[in-house]
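# Residue-level structure breakdown
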Amino acid sequence: MTEKQLTNLKTFIDNHDAFIIAGHKEPDGDCISSSLALADLLKHYNKPTWLMNSGPFKRPEIKDFKKHFSTEFKQLTSNKSKTGLFIVDCSEIKRLGTIGQELVGLNTFIIDHHRTADAKPKTSIINPKAPATAYLIQQIFELNSVAISKKTAQTLFFGLCTDTGYFRYLDSTSADIFRAAARLIDAGADPRKTYDFITSGKPFNTRKLLGIMLDRAKQYFDGKLIITYETMEDTRKYAQEGRDSDALYSALLAIVGVEAVVFMRQETKESCTVGLRSRDTVDVSAIATSFGGGGHKNAAGLSTQDKLKTLKPKIIEKFSKVFS
C-alpha cells in the first residue's frame with residue numbers, strides 16, 4: 001500500500017461527515033469482516049457509519065452477522081454530498097445487488113483485492129495480490145497507527161482465514177501475510193476458535209447436497225477439469241439453509257490430476273451462477289472474466305443469463321483453450 005493511496009483515503013474521509021459501507025451481494029466472511037472492521041476504523045475519526053448488504057446471509061459462519069447490516073438506505077447527513085460510500089470486497093455498484101440502486105450518485109471509495117476496470121486511482125485501494133480485503137483493512141489500521149481492538153482483530157482474522165481457506169491457498173511468497181496474521185493473534189484473535197467457527201455448524205442438508213454434487217461430477221480433458229451442478233429443485237430441497245461449496249471444491253481438487261473445478265447453479269429459469277477453483281497455474285479468473293465475472297487466479301465466479309444445458313458447453317469450450 002502506497003503513501004499516495006493512504007493520503008487519498010484520508011482525504012476522502014476528511015471530506016465527508018458520515019459513511020455508508022456496502023459489500024457485495026451473497027456476502028462471504030471477507031466481505032462481512034472488511035465492512036465491520038472499516039466501520040470500527042471510521043469510529044477513530046468520529047465518523048458515523050451505516051452498514052448495508054443485500055444478502056442473503058446463507059453461509060452458516062456469517063448468519064449471526066446479519067443483524068449488523070441493513071438493506072435500507074439511511075440518510076446520515078442533511079447534505080447528501082457529505083455522505084461518502086465505501087464499497088468493500090468488490091468494485092461495482094451492480095455487484096451490490098438490490099441495495100445498489102439506492103447508492104448510485106454517492107461519492108465512492110473502493111477497497112478491494114479483485115481485479116477491476118472501473119475503479120479510479122484517486123478513489124480506490126485495490127491490490128489483486130492481497131489474499132483478502134480484510135488484509136488491506138488491517139494495513140490501513142496499522143499504517144495510520146490506529147490500535148486494533150481484540151474484537152476487530154478477531155473480525156479481521158476471520159476474514160483473512162475465510163478467503164485463504166485457512167491459509168491453504170498461500171504459497172512461499174506469503175510470509176508477510178503470516179506475519180500480519182500473527183499481529184492479529186497478538187491483538188487477541190483466536191486461531192482455534194476461528195477454525196471451529198468456520199468449519200462447524202453446517203446443516204445436515206448441506207451434507208446431502210454435497211453427496212449429490214459429488215455424484216454428478218464429470219471429468220473432462222483427461223481428468224484435468226471437473227464440472228458439477230445444482231438445479232433449482234436441488235436448491236429448493238436442500239440449500240435453503242445454505243450450502244458448503246468450500247467442502248465441494250476441496251474434495252474435487254484433491255483428486256489426482258485435477259487442475260480446475262467448476263460448480264454451476266441454476267438460480268432462476270433464465271440465469272446461472274458459476275464458481276471456479278483451480279490449482280497452481282490455471283487462471284480461472286480469465287475464464288470468469290470472459291463471461292462478465294471475475295475474481296482471482298485460483299478462485300473466481302460469474303453470474304450470467306443462461307441455462308445449465310447451454311452454459312456448460314460454453315465453459316468447456318473456454319477450458320479447451322487452456323488444456324489444449
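Please read these numbers as outputs of a predicted model, since none were measured by experiment.

Cut-offs used in this document
- Residues numbered from 1 in each chain as written.
- Predicted model: local features only at pLDDT ≥ 70, side-chain atom pairs only at ≥ 80, totals over all residues.
- Heavy atoms only, no water.
- Helix = DSSP H or I, 4+ residues; strand = E, 2+ residues; numbered from the N terminus.
- Rg over C-alpha atoms; globule rule 2.2 N^0.38 Å.
- Buried < 20%, exposed > 50% of the residue type's maximum accessible area, 1.4 Å probe, protein only.
- Contact = heavy atoms within 4.5 Å.
- Core = buried A, V, L, I, M, F, W, Y, C linked by side-chain atoms within 4.5 Å.
- 1 Å grid on protein atoms, 1.4 Å probe; cavity = no way out; pocket = protein on both sides within 12 Å on 5 of 7 lines; lining within 4 Å.
- Points joined across faces, edges and corners; volume = space filled by probe spheres on them.
- Axes fitted to C-alpha atoms, helices over the stretch in contact; angles between N-to-C directions.
- Left-handed = near helix turned anticlockwise from the far one by under 90°.
- Nonpolar A, V, L, I, M, F, W, Y, C, P; charged D, E, K, R; others polar.
- Pairing = 2+ DSSP bridges.
- Salt bridge = Lys/Arg side-chain N within 4 Å of Asp/Glu carboxyl O.
- Phe/Tyr/Trp six-rings, centres within 6.5 Å; stacked < 30°, edge-to-face > 60°.
- Lys NZ or Arg CZ within 6 Å of the ring centre and 35° of its normal.
- Expected span 1.5 Å × (residues − 1).

Moving on to the overall build of the protein chain. Scanning the protein chain from N- to C-terminus turns up 12 helices and 11 strands. Over its C-alpha atoms the protein chain spans a radius of gyration of 20 Å, differing by no more than 12% from the 20 Å that the globule rule assigns to 324 residues. Projected onto the principal axes, the alpha-carbon positions of the protein chain cover approximately 55 × 40 × 40 Å. With 324 residues in all, the protein chain has 49% of them scored as buried. Intrachain contacts of the protein chain at a sequence separation of at least 6 include 65% that bridge at least 24 residues.

Counting 47 residues, the largest nonpolar core has Ile21, Leu38, Phe86, Ile111 and Ile137 as the members making the most contacts within it. With 7 residues, helix H2 (residues 29-44) is the single largest residue contributor to this core. Not counting chain neighbours up to four residues away, the residues in contact with Ile137 comprise Ser34, Ala37, Leu38, Ile111 and Leu156. Formed by 22 residues, the second largest nonpolar core is a distinct cluster that contains Ile287, Phe291, Ile315 and Phe323.

What the second largest pocket holds in volume is close to 470 Å³. Contributing to the lining of the second largest pocket are 19 residues, with Leu36, Phe65, His68, Lys151 and Thr155 lying nearest its centre. Elements that contribute at least two residues to the lining of the second largest pocket include exactly H2, strand S2 (49-52), helix H5 (150-163) and helix H7 (191-199).

Okay, the packing of helix H8 (residues 204-216) against helix H10 (residues 245-253) next. Where H8 meets H10, the axes come as close as 10 Å, and the angle between the chain directions of the two elements is 35 degrees. In terms of crossing hand, the pair formed by H8 and H10 is right-handed. Residues Leu210, Met213 and Leu214 of H8 form the contact with H10, whose own contacting residues are Ala247, Leu248, Ala251 and Leu252. The class makeup of the residues in the contact of H8 with H10 is 7 nonpolar, no polar and no charged.

Here we take up the sheet that holds strand S3 (residues 83-88). With parallel pairing, the 5 strands of this open sheet are ordered in space as S2-S1-S3-S4-S5. Looking at strand neighbours, the two that pair on one side only are S2 and strand S5 (124-126), the edges of this open sheet. Averaged over all neighbouring strand pairs, the angle between strand axes comes to 20 degrees, with direction disregarded. Looking at chain direction, S3 and strand S4 (residues 107-112) are connected through 5 bridges and run parallel. Of the residues in S4, the one forming a bridge with Gly84 is Asn107. In the packing of H2 onto the sheet, the strands contacted are strand S1 (18-23), S2, S3 and S4, and the crossing angle to S1 comes to about 170 degrees. Of the strands in this sheet, S3, S4 and S5 touch helix H4 (residues 133-143), which is tilted by about 110 degrees from S4.

The subject of this paragraph is the pattern of salt bridges. Under the criterion given, the structure shown has 11 salt bridges. Salt-bridge contacts for Glu233 lead to Arg236; the nearest nitrogen and oxygen are separated by 2.4 Å. With Glu233 and Arg236 both in helix H9 (residues 232-238) and 3 residues apart, the pair spans about one turn of that helix. Residue Glu233 is classed as partly exposed on the basis of its relative accessible area, which comes to 43%.

Another aspect to go through is the packing of aromatic side chains. Describing an aromatic ring pair means giving the distance of the ring centres and the angle of the ring planes. Evaluated as defined, the whole model comprises 16 aromatic pairs. An aromatic cluster is built from Phe157, Tyr166, Phe167, Phe178 and Tyr195, whose rings are joined through pairwise contacts. Its guanidinium or amino end placed over the ring of Phe73, Lys80 lies 5.4 Å from that ring's centre, counting from NZ or CZ.

On to empty space enclosed by the protein. All told, the structure shown has 1 cavity of 30 Å³ or more when counted by the stated rule. Its volume calculated, the largest cavity comes out at about 60 Å³. Lining of the largest cavity is provided by Thr206, Leu209, Leu210, Met213, Arg243, Asp244, Ser245, Leu248 and Phe263. Elements that contribute at least two residues to the lining of the largest cavity include exactly H8 and H10. Per-element accounting of the lining of the largest cavity gives the leading share, 4 residues, to H8.

On to the sheet that holds strand S9 (residues 271-278). The strand order across the open sheet formed by 6 strands is S6-S7-S8-S9-S11-S10, and the pairing between neighbours is mixed. Looking at the sheet topology across the chains shown, the edges are occupied by strand S6 (218-220) and strand S10 (294-295). Strand direction decides the pairing type here: strand S7 (residues 225-230) and strand S8 (residues 260-268), joined by 6 bridges, are parallel. Its bridge partner being in S8, Ile227 is matched across the sheet by Val262.

Moving on, we get to H5. Because an α-helix packs 3.6 residues into every turn, residues spaced three or four apart end up facing the same way. With 14 residues, H5 should cover 20 Å at 1.5 Å per step; its first-to-last C-alpha distance of 20 Å lies within 8% of that length. Judged by how many residues are buried, H5 sits mostly within the fold: 10 of 14 residues are covered. Of the positions making up H5, those classed as buried are Thr152, Ala153, Thr155, Leu156, Phe157, Phe158, Gly159, Leu160, Cys161 and Thr162.

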